[in-house]
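Secondary and tertiary structure notes
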Amino acid sequence: MAPLVLPLLVALPLLAGVLLPLLPENRPVLVRSLAALAPGLQLVLALLCWWYPPADLHLAWLPKLGLSFDLGLDGLSLPLVVLSGLLTALAILASPADQLRPRLYFPLMLATNLGVVGAFLARNALLFVLAFELVLIPTTLLVAIWGGKRRAGAAIRYLIYGAVSGLSLLAGVLALGWFNANGFSFAYDDLMRAEITPRASAVILGLLLLGFGLKLPVVPLHGWQPLTYAEAPTPVVMLLGGAVAKLGAYGLLRFGVGFLPDTWMAWSPWIAAAGAVSAVYGALNAIAQRDMRRLMAYSSLGHMGLLVLALAAATPMSLQGAVAQVLAHGLIVALLFATVGLIERRTGTTSIPELSGLLNPYRGLPFTLGMLLLALMAAAGIPGLAGFPAELLVFEGSWTAFPRATLICLVASGFTAVYAVRLFNRVGFGRLDNERADWQSTTWQERLPAMVLTVLVVVGGLWPTSLVGWSESSTAALALRAQQIPPSPAQTFLASATLTFPLEVPVS
């Protein structure tokens, strides 16, 4: 496939974002439909790239600064581009048909997609930083303009954390280029072969951990997440949790494991410990929440702890699990917030104590609650859903490297069932409030994004290759530890029994 496909993946949201403000203000449905078309075409092109891989694109831009327009796809970036295109299209379709100020809202959504996809396609570290920073502007405006009652505080906090993340990343990337003994360059191929002193590597990895840890986020760098997820519009949270946060995971894998392997190995026990702390902290805080949005935010934080553990272990299986966890979590968290958004649209609240009896087949929201139940089961790692194969790979791949941290994360994963059952029992069962419960059922058009995500979550569980088949060779090349699988008792017995036989058995 021609390399022009790669810039087209970036040009589609850019062109659509420029053209949408020219449409009539009083046609929000038309604006929404055309806005969803761009990421939809982007998704189709990305899937075609899976079957027909395009050649990398190299264009000089500012050679004196080391900045070039280098784009490429591999097993790490391709599935994330597919995920971003899918979630952007679904988030746009999940927006209300009468969206306020649609000619500004939808271009900002497309600008977010532009930054995310541009970062995943970048093969130059400075180009990655530019795309990474671009995401902060539209997402901040989306929270500040269309958020809830506390949107101003949420937007300011998100902006401050995002600015620190971007500055830390920029400093780390500049140091990568400057302190490379092989020469000044920001190209990924050159950074993979970079020779950097141990002291400089430690400083650079610290900056990268801060930058990507804030974006992911991970404890204790998560201060922006609960408030932002609680106040941002539902489609924006679907995009933030499902796609934007994955920039942090991708950056840790590409820059930390890929460019600084020796320092990553030295720091990996502390990174694994941070993952275990995040998993427990997120799960326990989710149990204590009285608002569905904040519960989902802490649930997401806990699952990011499992991802960090897998990256710290850096075995072939754990890195496959990390990629699978990124994809599965992106689908699951988007589905969770999509169903919560449907409930909020009909009931006017996300407060858990104010909701009950939504499974009532006559005056409740049984179809929406059914999708919420499936999403909670997937988050809890129930077999047959997308969360199970991802968590299984993470735990099995990390056990030989960090058994204690893995055991802690296993316990934290068990806590997921606690808050899932508590939430569903409270909002699904019980008596309806006769004074408030006069809700109309959600329409098929409103349910469509959540239904698509539901199908994909089931497909990911029944067909695990859809989660791990993208990146097996890429993650194997980045693995820093060999997968040491202890022999089974049967294998041990057979091996010892074989030694007792003579080398040559006489024939009678």
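Cut-offs applied
- Residues numbered from 1 in each chain as written.
- Predicted model: local features only at pLDDT ≥ 70, side-chain atom pairs only at ≥ 80, totals over all residues.
- Heavy atoms only, no water.
- Helix = DSSP H or I, 4+ residues; strand = E, 2+ residues; numbered from the N terminus.
- Rg over C-alpha atoms; globule rule 2.2 N^0.38 Å.
- Contact = heavy atoms within 4.5 Å.
- Lys, Arg positive; Asp, Glu negative; His and termini not counted.
- Charge placed at Lys NZ, Arg CZ, Asp CG, Glu CD.
- Axes fitted to C-alpha atoms, helices over the stretch in contact; angles between N-to-C directions.
- Parallel < 35°, antiparallel > 145°, perpendicular 65-115°, else oblique.
- Nonpolar A, V, L, I, M, F, W, Y, C, P; charged D, E, K, R; others polar.
- Buried < 20%, exposed > 50% of the residue type's maximum accessible area, 1.4 Å probe, protein only.
- Pairing = 2+ DSSP bridges.
- Left-handed = near helix turned anticlockwise from the far one by under 90°.
- Salt bridge = Lys/Arg side-chain N within 4 Å of Asp/Glu carboxyl O.
- Core = buried A, V, L, I, M, F, W, Y, C linked by side-chain atoms within 4.5 Å.
- Patch = residues over 30% accessible without salt bridge, like charges linked within 9 Å, V, L, I, M, F, W, Y side chains within 5 Å.
- Areas by Shrake-Rupley, 256 points an atom, 1.4 Å probe, with all protein chains shown as cover.
- Expected span 1.5 Å × (residues − 1).

For the rest of this paragraph, the subject is the overall build of the chain. Across its full length, the chain carries 21 helices and two strands. Taken over the C-alpha trace, the chain has a radius of gyration of 24 Å; the compact-globule value for 508 residues is 23 Å, and the two agree within 12%. With respect to the principal axes defined by its C-alpha atoms, the chain has extents near 85 × 65 × 45 Å. Restricting the contact set of the chain to residue pairs at least 6 apart, pairs at least 24 apart contribute 81%. Each charge sign in the chain was given a centre, from 28 positive and 22 negative side chains, and these centres are 10 Å apart.

Further remarks concern unusual backbone geometry. Here Leu 216 and Pro 217 are connected by a cis peptide whose omega angle stands at -10°. As for its position among the elements, Pro 217 is in the loop between α8 (198–215) and α9 (225–231). Cis geometry marks the peptide bond from Val 219 to Pro 220, where omega comes out at 5°. By the secondary structure assignment, Pro 220 is in the loop between α8 and α9.

Attention now moves to the packing of helix α11 (residues 246–259) against helix α14 (residues 316–347). For the pair α11 and α14, the least separation of the axes is 11 Å and the interaxial angle reads 170°. For the element pair α11 / α14, the angle class is roughly antiparallel. For the pair α11 and α14, the contacting residues are Lys 246, Ala 249 and Leu 253 in the first and Leu 319, Val 323, Val 326, His 329 and Gly 330 in the second. Looking at the contact of α11 with α14, its residues break down into five nonpolar, two polar and one charged.

This next bit is on the side chain of Ser 84. Note that Ser 84 resides in helix α3 (residues 78–93). Beyond its immediate chain neighbours, meaning those up to four positions away, Ser 84 contacts Asn 113, Val 116, Val 117, Phe 120 and Ala 243.

Moving on: the environment of Leu 45. Structurally, Leu 45 is set in helix α2 (residues 28–51). Using a relative accessible area of 16% as the deciding quantity, one classes Leu 45 as buried. The spatial distance from the C-alpha of Leu 45 to the C-alpha of Gly 397 is 32 Å, given a sequence separation of 352 residues. Ignoring sequence-local partners within four residues, the contact set of Leu 45 consists of Leu 8, Leu 9 and Leu 12.

With that settled, consider the pairing of strand β2 (residues 67–71). Regular strands have side chains that alternate between both faces of the sheet. Among the five residues in β2, four count as buried, and that is most of the element. Sheet topology note: the strand β1 (residues 57–62)/β2 ladder contains five bridges and is antiparallel. The residue of β2 that forms the bridge with Leu 57 is Leu 71.

Look at α14 against helix α15 (residues 366–379): their axes get within 9 Å of each other, and the N-to-C directions meet at 150°. Considering their axes alone, α14 and α15 lie roughly antiparallel with respect to each other. Two packed elements cross with a definite hand, and for α14 against α15 that hand is left-handed. Taking contact as the criterion, the partners of Ile 332, Leu 335, Leu 336, Thr 339, Leu 342 and Ile 343 in α14 are, on α15, Thr 368, Leu 369, Met 371, Leu 372, Leu 374, Ala 375, Leu 376, Ala 378 and Ala 379.

To continue, consider the environment of Ala 386. You can see Ala 386 is positioned in the loop between α15 and α16 (387–399). Here Ala 386 falls in the buried class, since its relative accessible area comes to 0%. A C-alpha to C-alpha distance of 23 Å links Ala 386 and Asn 285, two positions 101 residues apart in sequence. Every residue in contact with Ala 386, bar those within four places of it in the chain, is listed here: Ala 328, Val 457, Gly 460, Gly 461 and Leu 467.

Counting across every chain of the model gives seven salt bridges. Between Arg 293 and Glu 344 there is a salt bridge whose closest N-O contact spans 3.3 Å. Pair noted here: Arg 293 is in helix α13 (residues 292–313) and Glu 344 is in helix α14, with a separation of 51 residues, a long-range link. Between Glu 446 and Arg 346 there is a salt bridge; the shortest N-O distance is 2.7 Å. Taken together, the residues span a long stretch of sequence, with Glu 446 in helix α18 (residues 444–462) and Arg 346 in helix α14 at a distance of 100 residues.

Our focus in this paragraph is the nonpolar core. In this structure, Leu 121, Phe 128, Phe 255, Met 296 and Val 457 are the most contacted members of the largest nonpolar core, which totals 177 residues. Counting residues per element, this core draws most heavily on α14, at 19 residues. Filtering out sequence-adjacent residues up to four positions away, Met 296 remains in contact with Leu 336, Phe 337, Val 340, Leu 372, Leu 376 and Leu 423.

Our next topic: a nonpolar patch on the surface. Side chains of Val 44, Leu 48, Trp 50, Trp 51 and Tyr 52 sit close together on the surface and give an oily, nonpolar patch of about 550 Å² of accessible area. Note on placement: Val 44 falls in helix α2. Note on Val 44: relative accessible area 45%, which makes it partly exposed.

What follows concerns helix α17 (residues 403–428). If you check α17, its first and last C-alpha atoms are 37 Å apart, about what 26 residues at 1.5 Å a residue would give, namely 38 Å. Taken together, the buried positions of α17 are occupied by Ala 405, Thr 406, Cys 409, Ala 412, Ser 413, Thr 416, Tyr 419, Ala 420, Leu 423, Phe 424, Val 427 and Gly 428. Contacts from the buried residues of α17 go to α12 (261–288), α13, α15 and α16. Positive phi appears at Gly 430, one or two residues downstream of α17, with a value of about 90°.

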